[in-house]
Amino acid sequence: DAKALFDSSVGYAVFDTRKIGALAVSAGLGRGVAVSQADAGRTYMSMGTGGLGLSLGIGGFESQIVILFETHEGFQSFTTDGYDASAQAGSMFGDETTGETVQFVNGRSIFVLGKKGWKISATAAGTKYWVEPKLN
């Protein structure tokens, strides 16, 4: 299903992320690239996330985020404004991940690929993606 969605998307973005949490506050950083399917143009970006959350576990705090875009307008808005708000809850054991994610953004399909580890988490966070001027 993800392959068909990728094939019909106008662009995508891929980020490597790392999250930390302490005393019910969660934060994360990441870097990645947004790629237009039309001309293979690349926009190098960074991301930051912060909010309230709780994560307990060993490993599993690094992940990759893949965002597929349905429209050219949505892709352009992402590389210009780049906001995303989300709330997540889930658990992960080894390579098995279960979770429910609520995304407040139209026209995007978001996949989170985690590393091996054990983790139980619940977060309510805001995420900002922005263009990296030094890399573009």
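Residues numbered from 1 in each chain as written. Predicted model: local features only at pLDDT ≥ 70, side-chain atom pairs only at ≥ 80, totals over all residues. Heavy atoms only, no water.

Now for the overall build of the protein. The helix and strand tally for the protein stands at two helices and eight strands. For the protein, the α and β elements follow one another from N to C terminus as α-β-β-β-β-α-β-β-β-β. Per-residue burial over the protein gives 34% buried out of 136 residues. Of the contacts formed within the protein by residues at least 6 apart in sequence, a portion of 71% connects residues at least 24 apart. (Helix = DSSP H or I, 4+ residues; strand = E, 2+ residues; numbered from the N terminus. Buried < 20%, exposed > 50% of the residue type's maximum accessible area, 1.4 Å probe, protein only. Contact = heavy atoms within 4.5 Å.)

So, on to the confidence of the model for the protein. Of the residues in the protein, 64% have a pLDDT of 70 or more, and the chain-wide mean is 74. Here strand 6 (residues 96-103) stands out as the element of the protein with the lowest mean pLDDT, 44, in contrast to helix 2 (residues 72-80), whose mean of 90 is the highest. (pLDDT = per-residue confidence, 0-100.)

This brings us to helix 2. All buried positions along helix 2 are accounted for by Phe75, Phe78 and Thr79. Along the long axis of helix 2, the arc covered by the buried residues comes to 90 degrees, so they all point the same way. Those residues of helix 2 that are exposed and aimed more than 90 degrees away from the buried face are Glu73 and Thr80. The positive-phi residue at the C-terminal boundary of helix 2 is glycine 82, with phi of around 60 degrees. (Arc of directions from axis to C-beta.)

Turning next to the side chain of threonine 127. Turning to its location among the elements, threonine 127 is positioned in strand 8 (residues 117-131). Beyond its immediate chain neighbours, meaning those up to four positions away, threonine 127 contacts Met47, Gly48, Thr49, Gly82, Tyr83 and Asp84.

This paragraph deals with unusual backbone geometry. You will see that alanine 40, though not glycine, has its phi angle at about 60 degrees, which is positive. Relative to the assigned elements, alanine 40 resides in the loop between strand 2 (25-36) and strand 3 (42-59).

Note that glycine 32 resides in strand 2. Relative accessible area serves as the criterion here: at 16%, glycine 32 is assigned to the buried category. Residues glycine 32 and methionine 45, spaced 13 residues apart in sequence, show a C-alpha to C-alpha distance of 5.3 Å.

Moving on, we get to the nonpolar core. Of all hydrophobic cores here, the largest spans 12 residues; its members are Val10, Ala13, Phe15, Ala34, Met45, Met47, Ile65, Ile67, Phe69, Phe75, Phe78 and Tyr129. Listed by contribution, the elements that provide at least two residues to this core are strand 1 (11-22), strand 3, strand 4 (62-69) and helix 2. In terms of residue count, the dominant contributor to this core is strand 4 (three residues). In this structure, Tyr12, Val33, Val35 and Leu68 belong to the second largest nonpolar core, which totals five residues. (Core = buried A, V, L, I, M, F, W, Y, C linked by side-chain atoms within 4.5 Å.)

Glancing now at the packing of aromatic side chains. Using the criterion set out here, one finds six aromatic pairs in the structure. Ring plane angle 50 degrees and centroid distance 4.9 Å describe the contact between phenylalanine 78 and tyrosine 129, whose orientation is recorded as tilted. One end of the pair, phenylalanine 78, is in helix 2; the other, tyrosine 129, is in strand 8, with 51 residues separating them in the sequence. Tyrosine 129 shares its class with phenylalanine 78; the two are buried. Every member of this aromatic cluster is reached through a ring pair, and the members are Phe15, Phe69, Phe75, Phe78 and Tyr129. (Phe/Tyr/Trp six-rings, centres within 6.5 Å; stacked < 30°, edge-to-face > 60°.)

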